[in-house]
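# Results of the structural survey
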There are 2 protein chains.
Amino acid sequence: MNRKGILVVVSGFSGVGKGTLMRSLTERYGYYALSISATTRAPREGEEDGREYFFKTKEEFEQLIEEDRLIEYACYCGNYYGTPRDYVEDQMEQGRDVILEIELQGALKIKEKYPEALLVFVMPPDAQTLASRLRGRGTETEEVIRARLARAVEESAGVEKYDYMIINDDLEESVEEVHRLIDSQHNKISRNLDFVEQIRDEIKTFAKGE
Amino acid sequence: MNRKGILVVVSGFSGVGKGTLMRSLTERYGYYALSISATTRAPREGEEDGREYFFKTKEEFEQLIEEDRLIEYACYCGNYYGTPRDYVEDQMEQGRDVILEIELQGALKIKEKYPEALLVFVMPPDAQTLASRLRGRGTETEEVIRARLARAVEESAGVEKYDYMIINDDLEESVEEVHRLIDSQHNKISRNLDFVEQIRDEIKTFAKGE
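Notes on the structure follow. (Residues numbered from 1 in each chain as written. Chains lettered and ligands numbered in written order. Predicted model: local features only at pLDDT ≥ 70, side-chain atom pairs only at ≥ 80, totals over all residues. Heavy atoms only, no water.)

### Re the interface of chain A and chain B
Interface size is commonly expressed as the accessible surface area that is lost when the partners come together. In this complex, chain A contributes 47 residues to the contact, which on the side of chain B involves 47 residues. Taken together, the connections running from chain A to chain B amount to two salt bridges. Between Arg200(B) and Glu160(A) there is a salt bridge, with its nearest N and O atoms 3.2 Å apart. At the boundary of chain A with chain B, the tally comes to 15 residue pairs in polar contact (both at pLDDT 80 or more). If one sorts the elements of the side of chain A that touches chain B by residue count, helix 8 (residues 193-207) of chain A sits on top with ten residues. (Contact = heavy atoms within 4.5 Å. Salt bridge = Lys/Arg side-chain N within 4 Å of Asp/Glu carboxyl O. Polar contact = N/O pair within 3.5 Å; in protein donor to acceptor, adjacent residues only side chain to side chain. Helix = DSSP H or I, 4+ residues; strand = E, 2+ residues; numbered from the N terminus.)

### Remarks on the side chain of Glu72(A)
Residues and elements named next belong to chain A. Tracing the backbone through its elements, the reader meets Glu72 in strand 5 (residues 70-76). For the buried residue Glu72, which engages in no salt bridge, the nearest side chain bearing the opposite charge is Lys109, 5.2 Å off. Side chain to side chain, Glu72 and Thr83 meet in a polar contact 2.7 Å long. The contacts of Glu72, once residues within four sequence positions are left out, are Tyr81, Gly82, Thr83, Ile102, Gly106, Lys109 and Ile110. (Buried < 20%, exposed > 50% of the residue type's maximum accessible area, 1.4 Å probe, protein only. Lys, Arg positive; Asp, Glu negative; His and termini not counted.)

### Observations concerning the relation of the copies chain A and chain B
Mapping chain A onto chain B leaves a residual RMSD of 0.0 Å; the transformation is a rotation of 180° accompanied by 0.0 Å of translation along its axis. Taken together, the rotation angle and the small translation identify this as a two-fold axis. When C-alpha positions in chain A are compared against the rotation axis, the closest is assigned to Arg180(A), at 3.4 Å. (Least-squares fit on C-alpha atoms with pLDDT ≥ 70 in both.)

### Quick notes on the sheet that holds strand 9 (residues 164-167) of chain B
Residues and elements named next belong to chain B. With parallel pairing, five strands are arranged side by side in an open sheet as 2-7-1-8-9. The open sheet has two edge strands, strand 2 (33-34) and strand 9, and neither has a second partner. Taken together, the four bridges between strand 8 (residues 118-123) and strand 9 define a ladder with parallel strand orientation. Across the sheet, Met123 pairs through a bridge with Ile167, a residue of strand 9. Across the sheet, helix 7 (residues 171-185) is in contact with strand 1 (7-12), strand 7 (98-101), strand 8 and strand 9; its angle to strand 9 comes to roughly 160°. (Pairing = 2+ DSSP bridges. Axes fitted to C-alpha atoms, helices over the stretch in contact; angles between N-to-C directions.)

### Describing the packing of aromatic side chains
In total, this model carries 22 aromatic pairs over all chains according to the counting rule given. Judged by centre distance (5.0 Å) and plane angle (40°), the ring pair of Tyr31(B) and Tyr32(B) falls under tilted. According to the relative accessible area criterion, Tyr32(B) is buried, its value standing at 3%. Within the aromatic cluster, the residues linked to one another by ring pairs are Tyr53(A), Phe55(A), Tyr76(A) and Tyr81(A). For the cation-ring pair, Lys109(A) lies above Tyr73(A), with the distance from its terminal atom to the ring centre recorded as 5.9 Å. (Phe/Tyr/Trp six-rings, centres within 6.5 Å; stacked < 30°, edge-to-face > 60°. Lys NZ or Arg CZ within 6 Å of the ring centre and 35° of its normal.)

### With respect to the pattern of salt bridges
Evaluated as defined, the whole model comprises 32 salt bridges over all chains. For Glu176(A), the salt bridge identified is with Arg28(A), shortest N-O distance 2.7 Å. Placement of the pair is Glu176(A) in helix 7 (residues 171-185) and Arg28(A) in helix 1 (residues 18-28), with a sequence separation of 148 residues. A residue is classified by how much of its surface remains accessible, and Glu176(A), at 23% relative accessible area, is partly exposed. Between Glu197(B) and Arg200(B) there is a salt bridge; the shortest N-O distance is 3.4 Å. Taken as a pair, Glu197(B) and Arg200(B) lie in helix 8 (residues 193-207) at a separation of three residues, close to a single helical turn. Take Glu197(B): its relative accessible area is 35%, and that puts it in the partly exposed class. Relative accessible area serves as the criterion here: at 9%, Arg200(B) is assigned to the buried category.

### Quick look at the sheet that holds strand 6 (residues 79-84) of chain A
Residues and elements named next belong to chain A. With mixed pairing, the four strands of this open sheet are ordered in space as 4-3-6-5. On the outer flanks of this sheet lie strand 4 (54-55) and strand 5, each paired with one strand and no other. Bridge analysis of strand 5 against strand 6 gives six bridges, and the strand direction is antiparallel. Opposite Leu70, over in strand 6, you have Pro84 as the bridge partner. The sheet strands contacting helix 2 (residues 58-66) are strand 3 (38-39), strand 4, strand 5 and strand 6, and the helix crosses strand 6 at an angle near 45°.

### Examining unusual backbone geometry
Positioned with a positive phi, Asp68(A) is a non-glycine residue whose angle comes to about 55°. Relative to the elements of secondary structure, Asp68(A) occurs in the loop between helix 2 and strand 5.

### A few points about the environment of Glu154(B)
All names here are of chain B. Among the structural elements, Glu154 can be located in helix 6 (residues 142-155). Given a relative accessible area of 61%, Glu154 falls into the exposed group. Spatially, the C-alpha atoms of Glu154 and Val16 are 15 Å apart, while their sequence positions differ by 138 residues.

Shape is all these values report; function is a separate question.
Okay, structure coming up:
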């Protein structure tokens, strides 16, 4: 069976826990490759270059764009965010499933360029849970939280174009669910046309008694 | 999440073991509903009406066709085969995933009527295994086996239109693989648009501080 890597794009409402989910997934199953985005936004407390993001200057970022070394990029709140091409394509070529955690607009651009990409949207079990998680961080006022919720809804316009959703209720279960989902995609007929052709030829040979 | 039943159509080369696979699946996971076809062919040794098939006379079968009580039917080797509609639709309405084991032409007709149906093709790991399994039955001459292999290849024209394939190497593994595959289909965004709409509305309400 063809084990060419799958490009998995994960998005979700702010606060839904997709970062934790993806980190748990890649820690548990070592063969996933987690793509790291490049950005021009300033590092936050505790963030490290090459771990959360590749932090770039505006000039460096624009050079990446010019050299076509990003598979998608967008400007968001005055900062650039983008996905470096080399890492994604190298890993897929080696048969590793690559996970990108990006927002919806970028995800839909990726789907245009890579129609076989798997788009997954992480949902909260209900709105109450999402609001509680945002409040639980304790770093924002109630007004900021409401504004983020409102923006999250706006930013989810187009989610119908995603392939699958995962309801992130229990972290352990969600990790297994995402893993099984990605794994099952390797069985798509469209990813295995070479195998189908090969087995048909083999059966023909047997039928002729060769 | 929407748990409306999924219509799962399973096909595969003769001798690939799809019957055993489906029986094991439905025995292990009680919530699958296995659809039983109607046919005008004579029962074979050990077959029971209502277990392997619903055995019908030509007149009875043609009445089912006339009353539109089959979701697909075909004539094959001089006999009718068809899938009774009521059972399939009732079970799906109750949220049970319904499994049909039918040949490729029927499967593609079903996909036209039920675009959300999941089409799965069971493959042998290699041609050698398929030929050995056919020989292993010990009931056929080598010539008959070769003719069946040749026909199997012809009958697989169009398999590219299936959604997924399962390589039936180890029965236990294949059962789990089919189960996980079907299960993951419940997470398709296209099956959960109501949930998506509902959660968006809920979040909007929270954002307004209501």
